[in-house]
Amino acid sequence: MMISRREALRLAALGTAAIVGSHAVDASAASKLRIGVLKFGTVSWELDTLKQHKFDVTNGIDLDVINFAGEDATNVAMLAGAIDMIVTDWLWVSRQRSEGGDVTLAPYSTAVGAIMVKDASPIRTIADLKGKKIGVAGGAIDKSWLLIQALARRDHGIDLPAVSDVVFGAPPLISQKAIQGELDAALNFWHFCARLEADGFRRLIGAGDAQMALGASGPVSALGYVFHDKWANDNPQAVRGFLKASAQAKDLLARSDEEWLRLAPVIRADGKELAKLRDRYREGIPRRPVAEEAADAGRLYRVLARIGGEKLVGSAPEMAPGTFWREPPQ
């Protein structure tokens, strides 16, 4: 069942827990968990694996996966209490907390986008982007774009938006324009970049490389499973059970090529493209202690706040405490 932003707003206005899908779910039961995701997002690959192998059942949770039409709708639905969990980034979480909210994040993936160029392109460094046409997915305040801008300023004295022809567009359009040769370079989300790699492109610089160059000591999750502190405190078994099930699904995807072949119809890829998506997904599995990720995210937040300003982070100069969830002792 697809839920539009209008429907999510309607649920919020009614203040209802909502009946979504074919049956109602009792959000107060610790074994129940409703997660909202984009139907064709990469999170669906992990949740499909989790469901296929009944990792939810073996970890004592009844997982209801609810498909939404857009990211705004998932955010609104969770804030309204229509669902229990979504996947989004830590910048959004920090801003919500800075404005009085209690949402928090458990790391999901460190996979991030990259600036892609064709294999034969003469572009070899960030400095070579001067005067070139760059396509950017995610908009002017996309954090990957801001991090790469910050690195270009620091290391090359270049203001990329000022010295290049930058165009913004939806991820599929940016990839298509790059393939058609209408762009000299393209910054896209990680899975679009992986598909481009399988189609004759190479990575000029990844947002992860920029993160490390700008102060992170290791990979930082771009996205996480996001939920309310209060809900987690009221439903500790649901949180622990889901995160354990998620880890088991990731472990299977990390070691089983056969599982990726099973997922091929869901991913809509095969051959070299499927292999590249598999490898990049595996690189993005979080493997560091949450405290280390949180510390590095705080450093990157300060860089992003300087360049993105209030449009990106609001009035908070520092990442809000509690942005990354710390599991309480059992």
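Here the structure is a predicted model, which means the values were calculated and not measured. (Residues numbered from 1 in each chain as written. Predicted model: local features only at pLDDT ≥ 70, side-chain atom pairs only at ≥ 80, totals over all residues. Heavy atoms only, no water.)

**Q** Requested: an account of the overall build of the protein chain, with residues and values cited.
**A** When its secondary structure is counted, the protein chain shows 15 helices and 11 strands. Taken against the 2.2 N^0.38 rule, which gives 20 Å for 330 residues, the C-alpha radius of gyration of the protein chain at 20 Å falls within 12% of a compact globule. With 330 residues in all, the protein chain has 52% of them scored as buried. Sequence separation of 24 or more characterises 78% of the internal contacts of the protein chain that already satisfy a separation of 6 or more. Charged side chains in the protein chain number 41 positive and 40 negative. The centres of these two groups are separated by 2 Å. (Helix = DSSP H or I, 4+ residues; strand = E, 2+ residues; numbered from the N terminus. Rg over C-alpha atoms; globule rule 2.2 N^0.38 Å. Buried < 20%, exposed > 50% of the residue type's maximum accessible area, 1.4 Å probe, protein only. Contact = heavy atoms within 4.5 Å. Lys, Arg positive; Asp, Glu negative; His and termini not counted. Charge placed at Lys NZ, Arg CZ, Asp CG, Glu CD.)

**Q** Which residues make up the sheet that holds strand β10 (residues 201-206), and what values do they have?
**A** Strand order across the open sheet formed by 5 strands is β8-β7-β9-β6-β10, with mixed pairing between neighbours. Each edge of the open sheet carries a strand with a single partner, namely β8 (165-169) and β10. Neighbour to neighbour, the strand axes of the sheet diverge by 25° on average, direction disregarded. In the sheet, strand β6 (residues 114-118) pairs with strand β9 (residues 185-188) via 3 bridges, with the strands oriented antiparallel. Pairing of Met-116 across the sheet is with Ala-186, part of β9. Against the sheet, helix α8 (residues 171-179) engages β6, β7 (133-137), β8, β9 and β10, with an angle of about 160° to β9. (Pairing = 2+ DSSP bridges. Axes fitted to C-alpha atoms, helices over the stretch in contact; angles between N-to-C directions.)

**Q** So what's going on with the pairing of strand β2 (residues 32-38)? Residues and values would help.
**A** Most of β2 is tucked away, with 5 of its 7 residues classed as buried. Of the strand pairs in this sheet, β2 and strand β3 (residues 62-68) are connected by 7 bridges, and their pairing is parallel. From the neighbouring strand, Leu-33 faces β3, where its bridge partner is Leu-63.

**Q** Give a detailed account of the environment of Lys-230, specifying residues and quantitative values.
**A** Looking at the element boundaries, Lys-230 is found in helix α11 (residues 229-234). A relative accessible area of 56% means that Lys-230 is categorised as exposed. Separated by 117 residues in sequence, Lys-230 and Gly-113 place their C-alpha atoms 33 Å apart.

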